[in-house]
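As a plain string of letters, each chain reads:
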Amino acid sequence: MIKFPKIVLTFVGAALLLSNMQSTYAFHEKATPGYDQKIPEQIMTPNTVKTRIGDLNFYDGIPTEETLTKVYDNLDFIRGIDVFLNFIPATSIEGIRLGMKSVGVDNSNEVLIFDNLMDSTPLFLTGNTDTVYACAMLDLEKDGVTVVEIPAGAGPGTVNDAFFRFVVDMGAPGPDAKKGGMYIILPPDYQGDLKPTLNGMQHRGKDTRATVMVAGKEQKVWIAQSTSYSNWLILRGFLKDGKPEHASNMWRTGLKIYPLAKANNPEKMSFTNGSGKFFNTVHANDYEFYQELWHVLQKEPISFLDPELRGQAAAIGIQKGKPFNPDERMKAILKDAVQVGNATARSISFKSRDPKAKIFEDKQWFTGFVGRDYQWLLDKGEGGRNMDARTLFFYIATVNTPAMALQIPGIGSNYAMATGDINGDILFGEKTYQVTLGANAPAKDFWSMVAYDPQTRSELQVPGGSKYPSKNNKRDDLVYNEDGSVTLYFGPKAPEGKPIANWTETTPNKAWFAMIRLYGPLQPWFDRTWALSDFTLVK
């Protein structure tokens, strides 16, 4: 044992005593009133706090009745906004279902087809005028395991679930690689022997099919499983010689949808032509939005959404198996919340503040798939989900597939949107604009540019004018510039001295925005060695 001299011990003891006395003196000097110690200010709440919702008052940290009212009203308001922004994908699918039902297309064997292309009459989020759509709603709760047969030659096709999540591609970007074939879609609660096959883009053109008994015969099929009962099947057929008849006939004779259990005696396919018909497939932007969402949650299984999303909806009274009956206070708050939510979605979609949305650094054109991820995951998922990016897409568009997000030359499609001119100003329908596409546009199949209405986000309606507000390099006899580029014009009247074939009519006293589609996009689009100009005023 080490022995220290007494003088050393005495010195150390005195130092400790002095230190303790000093600490006690400082402690008592700085103690927070009502406490024995100095309490860190950052954990305390003042009796009055000034905020954007007004003064919040407390007694020793406990909110007053007036503050409680303000805070809970604000909390319900915030949750109402969150539900609007985060559930747009679900109500968008519901809007499509309701719109199709309104024209008599409700069962899986009933198909809405646009024999004469989609014109501006129906309301359909950024639909195109350039491919022959064929779409159906699958009800896996009613029909169980469902078979979809698609013909050879099909363009891009996709199945999305009731939250607009990707299920499987078909046709050009699908595993059949335009050769056609048989697909099976499994319900979310399926417990049988069938298992999903490898259906990714990397498996395109490879035979990953399973052998399944269909109508008493062994068939090679691709299998996918959905997370929901309601699913939207959307198929596109390309024009032939600039005309839709070939694609229309392809769907009417080659598309088959039926329950696997009824494969021996399926119901006859029924096709309804949607061209020239007025119907609405766009979700509500007012209080009805919450009612649309309530219906979705009643239809789908609990497993359809994770607890976080279900909890958001339940926080404002929307829950599976329970009625949605908010009191007058809550209803007034939600009516206000949906208006702010709608304004927020419009701001995000039309004037994104995310620099990653821009396709070209020095131009106004932006992408709907910010981050090039169909799941909108930030930094490969390390940053979670980019919620604003998802809102941007689904408020303005439909159809979710990796084929529109990935960079695979010649496969799928890529889009770019512009909601302003070269200066970022609104595109006014009473003014005339021009935009130039460089020579050799990088689209293996074709490109098109369509004008849309910012209110409906659907094709621009021109009263008494054209029903097809677009230009297409396969359908239209465009006049090209000497260098191979092409200049398109948008305005209420054809600009004097310019080719009428290159002009798209707009509506005075209304705004509009544009989308360019590249079907079969090629490498110059991905590496940005090809570009198109911004919109500029024609003076």
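Here the structure is shown first, and the text comes after it.
Here is what the cut-offs are and how they apply
- Residues numbered from 1 in each chain as written.
- Predicted model: local features only at pLDDT ≥ 70, side-chain atom pairs only at ≥ 80, totals over all residues.
- Heavy atoms only, no water.
- Helix = DSSP H or I, 4+ residues; strand = E, 2+ residues; numbered from the N terminus.
- Buried < 20%, exposed > 50% of the residue type's maximum accessible area, 1.4 Å probe, protein only.
- Contact = heavy atoms within 4.5 Å.
- Lys, Arg positive; Asp, Glu negative; His and termini not counted.
- Charge placed at Lys NZ, Arg CZ, Asp CG, Glu CD.
- 1 Å grid on protein atoms, 1.4 Å probe; cavity = no way out; pocket = protein on both sides within 12 Å on 5 of 7 lines; lining within 4 Å.
- Points joined across faces, edges and corners; volume = space filled by probe spheres on them.
- Nonpolar A, V, L, I, M, F, W, Y, C, P; charged D, E, K, R; others polar.
- Phe/Tyr/Trp six-rings, centres within 6.5 Å; stacked < 30°, edge-to-face > 60°.
- Lys NZ or Arg CZ within 6 Å of the ring centre and 35° of its normal.

1. Things to note about the overall build of the protein chain
Assigned secondary structure in the protein chain consists of 10 helices and 23 strands. Seen through its C-alpha atoms, the protein chain measures out along the principal axes to roughly 105 × 70 × 60 Å. Burial analysis of the protein chain (539 residues in total) assigns 51% to the buried set. A separation of at least 24 residues holds for 74% of the contacts in the protein chain among residues at least 6 apart in sequence. When the 58 basic and 60 acidic side-chain charges of the protein chain are each reduced to a single mean position, those positions are 3 Å apart.

2. Side note on empty space enclosed by the protein
Gaps left between atoms are located by rolling a probe of water-molecule size over the structure's atoms. Applying the stated criterion across every chain yields a total of two cavities of 30 Å³ or more. Of the volumes computed, that of the largest cavity is approximately 110 Å³. Lining of the largest cavity is provided by 15 residues; of these, T126, Y133, T398, V399 and R517 occupy positions nearest its centre. Among the secondary structure elements, those contributing two or more residues to the lining of the largest cavity are β12 (230-237) and β22 (511-521). In terms of residue count, β12 provides more of the lining of the largest cavity than any other element does, three residues in total. Its residues assigned to classes, the lining of the largest cavity shows 10 nonpolar, three polar and two charged. Of the volumes computed, that of the second largest cavity is approximately 40 Å³. Looking at the lining of the second largest cavity, its residues break down into four nonpolar, four polar and two charged.

3. Describing the packing of aromatic side chains
By the definition in use, this model includes 31 aromatic pairs. Between W376 and F393, the aromatic rings sit 5.4 Å apart at their centres with planes inclined by 45°, giving tilted as the arrangement. Separated by 17 residues along the polypeptide, W376 in the loop between α8 (328-350) and α9 (387-396) and F393 in helix α9 bring together distant segments of the chain. Across this residue pair, the class does not change: W376 and F393 are buried. One aromatic cluster is present, built from ring pairs that chain together F114, F124, Y133, F164, W232, F279, F369, W376, F393 and F394. We note K363 situated over the ring of F360; from NZ or CZ to the ring centre the distance is 5.6 Å.

4. Observations regarding α9
Because the α-helix completes a turn every 3.6 residues, residues three or four places apart line up on one side. The buried fraction of α9 amounts to eight of the 10 residues, a majority that puts the element mostly inside the structure. What α9 keeps buried is the set A389, R390, T391, L392, F393, F394, Y395 and I396. Buried residues in α9 make contact with α2 (65-86), α3 (88-102), α8, β15 (413-418) and β22.

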